[in-house]
Amino acid sequence: LAGTNRADILDDALTRPGRFDRRIRVDKPDSEGRNEIFLVHLKGLAIDGNAPADIARRLAGLTPGFSGADISNLCNEATIVAARRKADAVRMDDFERATDRIVGGLEARNGGGGSIASGAERRLTAYREAGRAVASWFLEGADPPLRLSVVPRGGGGGGGAAVPGYSRYPSDDAPRPRTYRQILDAMMASLAGRAAEDVFFDGQITTGSYDDLRRVTENAYGLVRTYGMSGMNGGTNSSSSSSSSSSSLGQLSYAASSISSDDDPHRHGAERRTNRRLYSEATAEAMDVEVRRIVDDAYGRTCDLLSEKTGEVEEVARLLLRKETMTRDDLEIVLGRRPPFGH
């Protein structure tokens, strides 16, 4: 019996019949599993306020992708947060702060070059976070943030620069099929930070949305290159479109193929596989044109949405500047319940 985190690079001699020929995959716990693990670690803690079962259930939803060791670390970190305020028991807020610290990194309030240095930069960060939050609240395919803050995080002991602003969004324990409309909504929510700068600061955009743009670009290429969703408009196939680039791509997946390299006996497992592009330069150029069309269209829609929701964005930004950190419950107080989206 053996265990490994890198089963993909095991030597074939180890995994042939009669040796390690049976595999049992142990994934990270899902929401229900995390709930049960939290209940185990909460038993030895003095809890103030909420019942342990309520805390475990809420934390399970806030920690997708956490392993058992991560959950143990979070509980320890929460007790440290409580000790810093000289408390005899741990509150739900302590667990939330511990989660933020583990996921987002240390707060960078003072010095280090990563903290927000001026009121103007702080206001810009608040509007960027508010734009993302409001857009995701009113887009069916997007998930509103669990928590958002204007306090920069990161840049602790590692020496990296702190990231201005911080938002934590839910993520799936397991991938699920998504429609074109859902993917486009998620892209629009990601573009809302840049769009908020454009709409509320007269086009004075900054580098603060770099990671959002990277994610949007990856999603757009995924639509075109992997999922065969080029030439679509609002979720329907637009075969009558005048764009030759869209129609030429068709219902095909152009993802790179994994090719075996069995001619090299010194390469094992994943090292034996290499990627080869299965399309021409003309097709690659058509993909670039289609991706630009998708992103430009999503960005235009996002700017229109934020222009329509100007009051909501400004209210969230003002509250965020005053409180520094907001939860989804705070957003619901400001924005009301999410629209039913036709259900």
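Quantities reported herein were computed from a predicted structural model and do not represent experimental measurements.

Draft legend 1. Up close: the overall build of the protein chain. A tally of regular secondary structure across the protein chain gives twelve helices and seven strands. When burial is assessed residue by residue, the protein chain has 38% of its 343 residues classed as buried. Expressed as a percentage of contacts within the protein chain between residues at least 6 apart in sequence, the contacts between residues at least 24 apart total 69%. Taken as a whole, the protein chain presents about 19,100 Å² of accessible surface, with 48% of it coming from carbon and sulfur.

Draft legend 2. A look at the confidence of the model for the protein chain. Summing up the model confidence of the protein chain, the mean pLDDT is 82 and the portion of residues at 70 or higher is 79%. Note on residues 111–117: pLDDT under 50 across the span, and twelve contacts to partners over four residues away in sequence or across chains. Predicted confidence is poor over residues 156–162, with pLDDT under 50, and the contacts of this stretch with residues over four places away or in other chains come to nine contacts.

Draft legend 3. Representation of the layout of surface pockets. The calculated volume of the second largest pocket comes to roughly 720 Å³. Per-class residue counts for the lining of the second largest pocket are eight nonpolar, four polar and six charged.

Draft legend 4. A look at helix 5 (residues 92–104). Over its 13 residues, helix 5 extends 18 Å from the first C-alpha to the last, a length consistent with the 18 Å expected when each residue adds 1.5 Å. When helix 5 is considered as a whole, its buried residues turn out to be Met92, Asp94, Phe95, Glu96, Ala98, Thr99 and Asp100.

Draft legend 5. Expanded view of the side chain of Glu197. Within the element layout of this structure, Glu197 appears in helix 7 (residues 180–200). Reaching out from Glu197, the side chain makes a polar contact with the side chain of Thr206 at a distance of 2.6 Å. Dropping the residues within four chain positions of it, Glu197 is found in contact with Leu124, Arg128, Asp202, Gly203, Gln204, Ile205 and Thr206.

Draft legend 6. Here's a closer look at the packing of aromatic side chains. All told, the structure shown has three aromatic pairs when counted by the stated rule. For the pair Tyr127 and Phe200, a centre-to-centre distance of 5.3 Å together with 45° between the ring planes defines the contact as tilted. Of this pair, Tyr127 sits in helix 6 (residues 119–138) while Phe200 sits in helix 7; the two residues are 73 residues apart in sequence, bridging distant segments of the chain. Across this residue pair, the class does not change: Tyr127 and Phe200 are buried.

Draft legend 7. Spotlight on the packing of helix 2 (residues 31–42) against helix 3 (residues 52–62). At a minimum axis distance of 8 Å, the contact between helix 2 and helix 3 shows a crossing angle of 140°. Between helix 2 and helix 3, the crossing angle belongs to the class labelled oblique. Remark: the crossing between helix 2 and helix 3 carries right-handed chirality. Contacts between helix 2 and helix 3 pair Ser31, Arg34, Asn35, Phe38, Leu39 and Leu42 from the former with Pro52, Ala53, Ile55, Ala56, Arg57, Leu59 and Ala60 from the latter. Taken together, the residues of the contact of helix 2 with helix 3 break down into nine nonpolar, two polar and two charged.

Draft legend 8. Examining the pattern of salt bridges more closely. Applying the stated criterion across every chain yields a total of 25 salt bridges. With a shortest N-O distance of 2.8 Å, Arg318 and Glu315 are connected by a salt bridge. Of this pair, Arg318 and Glu315 both sit in helix 11 (residues 310–323), three residues apart, which is roughly one turn of that helix. Look at Arg318 and you get partly exposed, because its relative accessible area is 47%.

About the criteria used
- Residues numbered from 1 in each chain as written.
- Predicted model: local features only at pLDDT ≥ 70, side-chain atom pairs only at ≥ 80, totals over all residues.
- Heavy atoms only, no water.
- Helix = DSSP H or I, 4+ residues; strand = E, 2+ residues; numbered from the N terminus.
- Buried < 20%, exposed > 50% of the residue type's maximum accessible area, 1.4 Å probe, protein only.
- Contact = heavy atoms within 4.5 Å.
- Areas by Shrake-Rupley, 256 points an atom, 1.4 Å probe, with all protein chains shown as cover.
- pLDDT = per-residue confidence, 0-100.
- 1 Å grid on protein atoms, 1.4 Å probe; cavity = no way out; pocket = protein on both sides within 12 Å on 5 of 7 lines; lining within 4 Å.
- Points joined across faces, edges and corners; volume = space filled by probe spheres on them.
- Nonpolar A, V, L, I, M, F, W, Y, C, P; charged D, E, K, R; others polar.
- Expected span 1.5 Å × (residues − 1).
- Polar contact = N/O pair within 3.5 Å; in protein donor to acceptor, adjacent residues only side chain to side chain.
- Phe/Tyr/Trp six-rings, centres within 6.5 Å; stacked < 30°, edge-to-face > 60°.
- Axes fitted to C-alpha atoms, helices over the stretch in contact; angles between N-to-C directions.
- Parallel < 35°, antiparallel > 145°, perpendicular 65-115°, else oblique.
- Left-handed = near helix turned anticlockwise from the far one by under 90°.
- Salt bridge = Lys/Arg side-chain N within 4 Å of Asp/Glu carboxyl O.

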